[in-house]
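Fold and contact review
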Amino acid sequence: MKRRQFLKDATLLTNAVALSGITQNVPPEPCPVTLLPMPDYSRDLSREIAAVMSGDGLQLKGKKVLLKPNFVEAHAERPINTHIAVIASAAHACLRLGAAEVIVGEASGHRRDPWFSALNPSLRGILDKKVKCVDLNHGDAVSVPNAGRRSGLPVFYVAKPVAGADILISMPKMKTHHWMAVTLCLKNLFGVLPGVYYGWPKNLLHFRGIDNSILDLARTVKVHYNIIDGVVGMEGDGPIMGKAKPVGALVLSPFPLAADATAARLMGFDPQRIPYLFQAGRFLPGLKQQDVVIRGEKPARFAAQFDCPEEFRGMRGGPFF
Amino acid sequence: MTLGLTPGYNDDVMERSASETAALVERLLSFSSPEGGLPYYRGNSSSAEPTFLAALALFASGAPTERAKPLLSWVKTLQNLDGSVCVNPGHRGQGLWLTAQAAIVFHHYGLKENLKRALDFLLSLRSVTVANDPRLRQDNTLAGWPWVPGTFGWVEPTAWSLIALHLSGQAGRPRAVEGRKFLLDRRIPSGGWNYGNPSLDDKELLPFWDTTGLALAALRGQADIDRLRPSLDLVEKRQDKIESLCGLAWAVISLQAYGRDAGRLRTRLRNLMGSPAEEDLHVGNFALGLMALSQKRVFTA
C-alpha cells in the first residue's frame, strides 16, 4: 500500500469510532443483556427496541448508524438470515432515537449478487425511505491494522461504510455452526469485509483459522450494540443447512460477548466450552453468567436445546436458567 | 434486407434496439470518473471489476474504441510487475483474482503485452488442494483458481480464468485442462453450480444463477454437451424465477452461448435495466446486462 493511501485511510479512521481497536473493555458493573419477547415476525418492535437501547445508554442523536445483519445465503425454506422485520424494527428504532443516518449494510459470505442480500426489494420495501441499504461486498474499503495477533493477517480491509459509521450494530441470526458450534454477534463481523478482497466465501479467513479471524476482528472492529434475532433460530447443521428452531426472543446488549454468551446459554450451550467464546472472554466482558445481568423477560421462558452436530455435543451445558 | 419479414419491421426493431443500446452505453459511462475508471456504485471510488466489465460492454455493444480509451488507460495502471492485476491502485496486493477479467479485456482490445503478462500470472497460479473428504462428493485434489492466492479454488475465479485462457488460445495448456476438470467436478448433479461445493453430506446445494451462467460460458465448446445439458435445462426451465439484473444477465449470456432461446429473459432484462434506482445500480452488473443484450460474443470464441 502506498503511503498516500495509508494516510488517506488513517484520516478516515480518525473520524471513525467503529474501528478504534478493543483493549480491556471491562465495564464497572455486570453487562446488561435484555430479552425482548417477539413470538413471530408480524409485530413492529421499534418502540420497544428504542426503549431498551436508550436504557442501555446508547446515544444515537445526530449519529451515523450502520446495522449489520447476516445475509450469508438465501434459501426460501430455511431461516438462515436475520429477518427483515427485525432489521426494520431496529432501523426504525434508530430513527426514533434521532440518528442522522441509518444504513443497513452487509457483505454476504456466499451470495455475490446483492439482490440476495442488502439490496433485496423485500428489505427495501419494509424500511422507511430514510434508511439506506448498501452492498458492502462491492465498494470502497480501508485497511485497518489488525489489533489481534492470532490470524497473522497484518491488516483487515474493512468496508468503508463500516469504517465511516459512528455506531455499528451487529444483528446476527441465532444459529448453530458446523465448524464453530454457534454463530452470533462476533462471527457476524466477517460480513464487514468485502468479498472483492476476500472472496465468496471468505476463504482466507478460514485458512487463517475461523476462530483466529473472529478473535482478531473482535479486537479490531468495535461494535457498539448487538441485537440477535432469536425469534426463529437455526439448529442442527447450521449456518445454512439446519432446521428452524423457534425461540421467540430478541437478545439485546451493548456487549457482544455478553449477548453471544447469553444466546449460547439460551441455545443449551455452555459458552465457556466454546473455544472462541472462551478466548474472547480474555479481552471482552460478559462471558461468565455472573458477569451478565439479564433484563426484560425471564430467560427460562426462552431456554431451548438446539440440536447440533455430534462434535459439539460436549459443549452443551446447563440448565442455566 | 428483411428476410421475408414484413417490410420495415426488422429495420424498425434494429433502429429501436440501436438507440436503446446507445442510451444504455451513455448511462454506463455516466459513472466514469475523471481518471477513467468506474466504481461499483455511484459515489464510490473507481474499482477494477466494474471498469473491466464496462470496457467489455463497450466492446460488445460496438462502441467506438475511442470511448474505451480512458477506461483502458486506467486499467493498465492496475497491473503489477508480476502481471497480476489488483482491485484498485491503493491496494496493490488485493483482488488478484481480477487478473482473469483483465486478461479478457486485454484480449479483446489487442493489448498484447499486458495480456501476455496477465496470462503468465494466471498460469502460475494454482489453488490449494487437499485430500478428499467423505463429506464432500468432489475431487479436492484438482487445482482450480482461488480468490486469494494460497487458498482453495472456487467456481467463479476458475471460470473467469478459463475464459481468459480459452479466448487467448491457451485451452490446451495443462492448467486449463485441469481447470475444466475442476469446474465440471463442481457441477451440482441435478444442474447448475453453487459458488463452490456441489453438495454436502449427500445434500445438493442450491444452484446460483450467476455462477451457473458463468461456468456455462466458460465451458462452451470445451466440454461434452451432455454433461452441461442439465445445467442449461435448469436455467431454461426456471428462468421465470430469476429476478435480479445479475441473474438475468448471466442467464441470457449462457443460453445464447449455446444457441438456446433467451427471448423472454432478454425482454425482462431490458425492462429491468431501464428501471433500477440510481443508488442501487451495480455498475458491473449493469455492464453485464449490456453485454447480454448485445449480439457480439465476449466470453466465448
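Residues numbered from 1 in each chain as written. Chains lettered and ligands numbered in written order. Predicted model: local features only at pLDDT ≥ 70, side-chain atom pairs only at ≥ 80, totals over all residues.

Structural notes on the overall build of chain B
To be explicit about the condition: The way it works is that DSSP assigns letters per residue, a run of H or I at least four long becomes a helix, a run of E at least two long becomes a strand, and they are numbered from the N terminus. Radius of gyration: C-alpha atoms only; globule rule: 2.2 Å multiplied by the number of residues to the exponent 0.38. The exposure label follows from counting other C-beta atoms within 10 Å of a residue's C-beta, where the C-beta atoms are placed from the backbone and the thresholds are 20 or more for buried and 12 or fewer for exposed, leaving partly exposed in between. We call two residues in contact when their backbone-placed C-beta atoms lie within 7 Å.
Along the backbone of chain B there are twelve helices and two strands. If you list the helices and strands of chain B from N to C, you get α-α-α-α-α-α-α-β-β-α-α-α-α-α. Relative to its length of 301 residues, chain B is compact, with a C-alpha radius of gyration of 19 Å against a globular reference of 19 Å. Across its three principal axes, chain B shows a C-alpha extent of roughly 60 × 45 × 35 Å. For chain B, with 301 residues in total, the buried portion stands at 52%. Pairs at least 24 residues apart make up 58% of the contacts formed inside chain B by residues separated by at least 6 positions.

Brief notes about the overall build of chain A
When its secondary structure is counted, chain A shows ten helices and twelve strands. By its C-alpha atoms, chain A is 55 × 45 × 40 Å across when sized along the principal axes. The buried share among the 321 residues of chain A stands at 60%. Intrachain contacts of chain A at a sequence separation of at least 6 include 77% that bridge at least 24 residues.

Section: the confidence of the model for chain A
Under the convention used in this document: Known as pLDDT, the predictor's confidence for each residue is given on a scale from 0 to 100.
Of all residues in chain A, 91% have pLDDT values of 70 or greater, and the mean over the chain is 93. Low pLDDT (under 50) marks residues 1-17 of chain A, which in the prediction has 21 contacts with non-local residues, meaning those over four places away or in another chain.

Here's the deal with the environment of Ala261 of chain A
Residues and elements named next belong to chain A. Within the secondary structure layout, Ala261 lies in helix α9 (residues 256-266). The class of Ala261 is buried, set by 34 C-beta atoms lying within 10 Å. When the C-alpha atoms of Ala261 and Leu277 are compared, they prove to be 7.4 Å apart, with 16 residues separating the residues in sequence. If near-sequence neighbours (up to four positions away) are discounted, Ala261 is found in contact with Pro271, Leu277, Gly286, Leu287 and Val292.

Focus on unusual backbone geometry
Residues and elements named next belong to chain A. With an omega of 0°, the peptide bond running from Trp200 to Pro201 counts as cis. As for its placement among the helices and strands, Pro201 is situated in the loop between α6 (195-198) and α7 (203-207). With an omega of 10°, the peptide bond between Gly238 and Pro239 qualifies as cis. Position of Pro239 among the secondary structure elements: in the loop between β10 (225-235) and β11 (243-253). Here Ala181, not a glycine, exhibits a phi torsion of approximately 80°, which is positive. Residue position: Ala181 is located in strand β9 (residues 181-183).

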